[in-house]
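Structural description and commentary
For reference, the chains in residue letters:
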Amino acid sequence: MTAAPKHDVYQAIADPSRREMLELLAKNDSSIKEIGSHFSISRTAIVKHLNVLADADLVTDRKSGREKIYSLQPAQLLEVQEWISYFEKFWDNKLSMLKHMVEKDTEE
């Protein structure tokens, strides 16, 4: 039996720094040093953020010499996409109503 992850995908993406890390890793696999160069926080903080992302199965790491290289694993983000897509119908409806109101006001 496998243990549940310490952090779920929603907890992992809740932090703006972690979202930015995911965006960086979407472009290229990167080392801690490369990731850290984009932030004004300590290496320890970078590693803690990466551990949260790894707990949520959003990133994996591999050894390359003395460095750890992190890679994005976007499959878990499908859960977020599916959850958000449920609410799109409400947004689309509200936008359609707003468009209708604006067009009606400009006609009058």
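Bear in mind the structure is a predicted one, so any value in this text is a computation, not a measurement.

**Observations concerning the sheet that holds strand β3 (residues 67-72)**
The sheet built from three strands is open, its strands ordered β1-β3-β2 with antiparallel pairing. Either end of the sheet is taken by a strand with one partner, and the two such strands are β1 (30-31) and β2 (59-64). Here β1 runs beside β3; their pairing, made up of two bridges, is antiparallel. Across the sheet, serine 31 pairs through a bridge with isoleucine 69, a residue of β3. Docked against the sheet, helix α2 (residues 16-27) engages β1, β2 and β3, running at close to 90° with respect to β3.

**Here we look at the confidence of the model for the protein**
Per-residue confidence for the protein averages 89 on the pLDDT scale, and 93% of its residues sit at or above 70. Averaged over each element, pLDDT in the protein is lowest for helix α5 (residues 77-107) (80) and highest for α2 (97).

Conventions adopted
Per chain, residues are indexed from 1 in the order of the written sequence. Since the coordinates come from a predicted model, pLDDT governs what is reported: local features require at least 70, and pairs of side-chain atoms require 80 or more to be given and counted, while whole-chain, interface and lining totals use all residues. The side-chain figures draw on all heavy atoms in the structure; neither hydrogens nor water molecules are used. In short, DSSP must find at least two bridges between two strands for them to pair. Only DSSP runs of H or I covering at least 4 residues are called helices, and only runs of E covering at least 2 are called strands; the numbering of each starts at the N terminus. Contacts were defined at the residue level, with two residues in contact if any of their heavy atoms lie within 4.5 Å. Note on geometry: axes are lines fitted to C-alpha atoms, helical ones only across the stretch in contact, with angles between N-to-C directions running from 0 to 180 degrees. pLDDT measures the predictor's confidence residue by residue and takes values from 0 up to 100.

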